[in-house]
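Next come the chains, spelled out residue by residue.
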Amino acid sequence: MAVSKKAVRDAIVDTARYIFARFGYRKTTMDAIARAARKGKSSVYYYFKNKEEIFLAVVNKEVGSVKEEIRNAIASTSDPKEKLTIYVLTRMRVLYRIAHFYSSFREEYLQEYDFIQRFREDLDRYETKIILDILRDGIKKKVFSISDPITAANSIVVALKGFEYYWGTEENITKLEKQTEDMLEMLYRGILKK
């Protein structure tokens, strides 16, 4: 029975995920990915033109799972405040899990920040849209009092990105969750309709 091209490509991506997690982006080589995938290097090059393209496929797969987890989490409530809290905490917990899985890459994070940002555009747009939808729903339900929801959504996304390094390097998730909940309460006291 022949294996489909998609199945081979997916297997290479799944294997590369573990290699990137173990060695980080810079130290990972096409040779290492090919060996781990039990493929010839030329076979890997048949599916991907370089390491960056494989990494992009790994990132896209991770982003897809992040989006799905967030969608499922926020679908559990219709209350805008609760939805925003669930969104932020779910997003940060997923980031924590990913950052701790990719511990080698975590060490490269600041050095590779510009490189990482190139892969973030889709996720940033997705996050901004979700937050904007939550804020607009909160305005409509008279829960939030925000004059410019677009600026507010963009600001929240930027703030969350500012938390990423801390969530990616701190080990104590309980401490992280408490600090994030405290930050959200400060935000709500400023945006909740009185």
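Residues numbered from 1 in each chain as written. Predicted model: local features only at pLDDT ≥ 70, side-chain atom pairs only at ≥ 80, totals over all residues. Heavy atoms only, no water.

Engineer: Quick question: what am I supposed to make of unusual backbone geometry here?
Structural biologist: Phi is mostly negative for residues that are not glycine, and the peptide bonds are mostly trans. One non-glycine residue, Arg38, lies in positive phi territory at about 60 degrees. Even without a glycine there, the phi angle at Lys142 is positive, about 60 degrees. Along the chain, Lys142 turns up in the loop between helix 8 (121–140) and helix 9 (149–169). (Helix = DSSP H or I, 4+ residues; strand = E, 2+ residues; numbered from the N terminus.)

Engineer: Even after reading the chapter, I still don't get the nonpolar core, so can you show me in this structure?
Structural biologist: One recurring pattern in soluble globular proteins: nonpolar side chains tend to sit buried together. Core analysis: the largest hydrophobic core is formed by 48 residues, its most contacted members being Ile12, Phe20, Ile54, Leu84, Tyr87, Ile131 and Leu135. In this structure, Tyr87 is in contact with Ile70, Ile74, Glu127, Ile130, Ile131, Ile134 and Leu160, ignoring residues within four places of it in sequence. (Core = buried A, V, L, I, M, F, W, Y, C linked by side-chain atoms within 4.5 Å. Buried < 20%, exposed > 50% of the residue type's maximum accessible area, 1.4 Å probe, protein only. Contact = heavy atoms within 4.5 Å.)

Engineer: Looking at this structure, I do not really get the packing of aromatic side chains. What am I missing?
Structural biologist: Two measures describe an aromatic ring pair: the distance that separates the ring centres and the angle between the ring planes. Scanning the model with the defined rule gives five aromatic pairs in all. Note on Phe20 and Phe55: the rings are 5.1 Å apart at their centroids and 80 degrees apart in plane angle, and the pair reads as edge-to-face. Here the residue Phe20 occupies a position in helix 1 (residues 5–27), and Phe55 occupies one in helix 4 (residues 51–74), the gap between them amounting to 35 residues. A residue is classified by how much of its surface remains accessible, and Phe55, at 7% relative accessible area, is buried. Summarising the aromatic geometry, the rings of Tyr46 and Tyr47 are spaced 4.9 Å apart at their centres and angled 85 degrees between planes, so their arrangement reads as edge-to-face. Residue class for Tyr47 comes out buried when judged on its relative accessible area of 18%. Among the aromatic side chains, those forming a connected cluster through ring pairs are Phe20, Tyr25 and Phe55. Above the face of the Tyr18 ring, Arg17 is positioned so that its terminal group lies 5.4 Å from the ring centre. Cation over ring: Lys51 sits above Tyr25, and NZ or CZ is 4.3 Å from the ring centre. (Phe/Tyr/Trp six-rings, centres within 6.5 Å; stacked < 30°, edge-to-face > 60°. Lys NZ or Arg CZ within 6 Å of the ring centre and 35° of its normal.)

Engineer: Help me out: how do you make sense of the environment of Ile74 in this one?
Structural biologist: Along the chain, Ile74 falls in helix 4. A relative accessible area of 11% means that Ile74 is categorised as buried. C-alpha of Ile74 to C-alpha of Ile134: the two residues are 60 residues apart in sequence and 9.6 Å apart in space. Contacts of Ile74, omitting those with residues within four sequence positions, involve Lys83, Ile86, Tyr87 and Ile130.

Engineer: What exactly am I supposed to notice about the pattern of salt bridges here?
Structural biologist: Across all of its chains, the model carries 14 salt bridges by this definition. Asp133 serves as the salt-bridge partner of Lys129, at 2.7 Å between the closest nitrogen and oxygen. Of this pair, Lys129 and Asp133 both sit in helix 8, four residues apart, which is roughly one turn of that helix. For Lys129, a relative accessible area of 52% translates into the label exposed. With a relative accessible area of 38%, Asp133 lands in the partly exposed category. Within this structure, Arg91, Glu127 and Glu164 form a network of salt bridges that share partners. (Salt bridge = Lys/Arg side-chain N within 4 Å of Asp/Glu carboxyl O.)

Engineer: Please explain the packing of helix 1 against helix 4 as it appears in this structure.
Structural biologist: Helix-helix packing is described using two parameters, namely the angle between the two axes and the distance between the axes. Packing of helix 1 against helix 4 leaves a shortest axis separation of 9 Å and a crossing angle of 100 degrees. With respect to helix 4, the axis of helix 1 lies roughly perpendicular. Here Arg9, Val13, Asp14, Ala16, Arg17, Phe20, Tyr25 and Arg26 of helix 1 come into contact with helix 4, specifically with Lys51, Glu52, Ile54, Phe55, Ala57, Val58, Lys61 and Glu62. (Axes fitted to C-alpha atoms, helices over the stretch in contact; angles between N-to-C directions. Parallel < 35°, antiparallel > 145°, perpendicular 65-115°, else oblique.)

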